[in-house]
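Take a look at the letters that make up each chain.
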Amino acid sequence: DGGITQSPKYLFRKEGQNVTLSCEQNLNHDAMYWYRQDPGQGLRLIYYSQIVNDFQKGDIAEGYSVSREKKESFPLTVTSAQKNPTAFYLCASNLKENTEAFFGQGTRLTVV
Amino acid sequence: DQQVKQNSPSLSVQEGRISILNCDYTNSMFDYFLWYKKYPAEGPTFLISISSIKDKNEDGRFTVFLNKSAKHLSLHIVPSQPGDSAVYFCAARASSGSARQLTFGSGTQLTVLP
């Protein structure tokens, strides 16, 4: 089955710790994205990557880092510099920039 | 400054009636618009889209209307079913320039009452 997989579904971390969220896709999509959803707000773009070994900052990149060493994988690290890390994180991918995006099931990160 | 706005955070509709969800945008470079549906604790799923060269696109019970002069689009669901209860996000992007990535609205929670 082709799809986009995020793990884990729920994640708890202590304040001050870095944490990495996994995103894997087997759709052979070129582009991958990370969004954050907060209550009452839309999906805000954190980082995106159009091609392996290249990525761009989105609207709210501060406190986050990414890598794109493989086409299938686009992990997101939430660093201790992120002021409000508790949120629902969504990974997405699409074949090319101008096609519909497919989303993973999301990771709910709670920092205590 | 929000470039895509969904001004109604929630909407309740009786089963069998029409649901109309609205979306406004400000960036005149946007030329492709999408609607996504999202259940709690799940990722959004693509529902329907429309290009700016059209003013209407229909897919089964779902129809999206685009009014470019008003920078407004709407999603009509007819007839509404309880399974349609979800958060609906409007999204937009431009085919060139700096707005090529999807920009999402804040979502509208649709509740279809049996």
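See above for the structure.
This report concerns the structure included in the present document. The structure displayed is predicted, hence computed values, not measured ones.

Right, let's get into the nonpolar core. Core analysis: the biggest nonpolar cluster contains 24 residues, and B:F33, B:W35, B:L73, B:L75 and B:Y88 have the highest contact counts within it. Elements with a minimum of two residues in this core: β3 (19-25), β4 (32-38), β5 (45-51), β7 (62-67), β8 (72-77), β9 (86-93) and β11 (108-113) of chain B. Top contributing element to this core by residue count: β9(B), with four residues. Among the nonpolar cores identified, the runner-up in size contains 19 residues, and A:L21, A:M32, A:Y64 and A:V66 belong to it.

With 16 residues of chain B in contact, the opposing surface of chain A contributes 22 residues. When chain B packs against chain A, close to 1500 Å² is buried across both sides, 53% of that on carbon and sulfur atoms. There are zero salt bridges connecting chain B and chain A. Inspection of the chain B/chain A interface yields three residue pairs in polar contact (both at pLDDT 80 or more). The set of elements that each furnish at least two residues to the side of chain B that touches chain A consists of β4 and β9 of chain B. Considering each element in turn, the side of chain B that touches chain A owes the most residues, three residues, to β4(B).

Residues and elements named next belong to chain B. Looking at where K37 falls in the secondary structure, it is placed in strand β4. No salt bridge forms around the buried K37; measuring N to O, its nearest opposite-charge neighbour D84 is 4.0 Å away. For K37, the side chain forms a polar contact with the side chain of Y39, separated by 2.9 Å. Separated by 3.4 Å, the side chain of K37 and the backbone oxygen of G83 make a polar contact. The contacts of K37, once residues within four sequence positions are left out, are G43, P44, T45, L47, G83, D84, A86, V87 and Y88.

Right, let's talk about the environment of A:K9 for a bit. Its location among the elements puts A:K9 in the loop between β1 (4-7) and β2 (10-13). The sequence separation of A:K9 and A:F88 amounts to 79 residues, and the corresponding C-alpha distance is 9.6 Å. If we ignore the near neighbours within four places in the chain, the residues touching A:K9 are A:Q105, A:G106, A:T107, A:R108 and B:A41. For A:K9, the side chain forms a polar contact with the main-chain oxygen of B:A41, separated by 2.9 Å.

Thresholds, definitions, all that
- Residues numbered from 1 in each chain as written.
- Chains lettered and ligands numbered in written order.
- Predicted model: local features only at pLDDT ≥ 70, side-chain atom pairs only at ≥ 80, totals over all residues.
- Heavy atoms only, no water.
- Core = buried A, V, L, I, M, F, W, Y, C linked by side-chain atoms within 4.5 Å.
- Buried < 20%, exposed > 50% of the residue type's maximum accessible area, 1.4 Å probe, protein only.
- Helix = DSSP H or I, 4+ residues; strand = E, 2+ residues; numbered from the N terminus.
- Contact = heavy atoms within 4.5 Å.
- Buried area = accessible area lost by both parts, 1.4 Å probe.
- Salt bridge = Lys/Arg side-chain N within 4 Å of Asp/Glu carboxyl O.
- Polar contact = N/O pair within 3.5 Å; in protein donor to acceptor, adjacent residues only side chain to side chain.
- Lys, Arg positive; Asp, Glu negative; His and termini not counted.

Shape is all these values report; function is a separate question.
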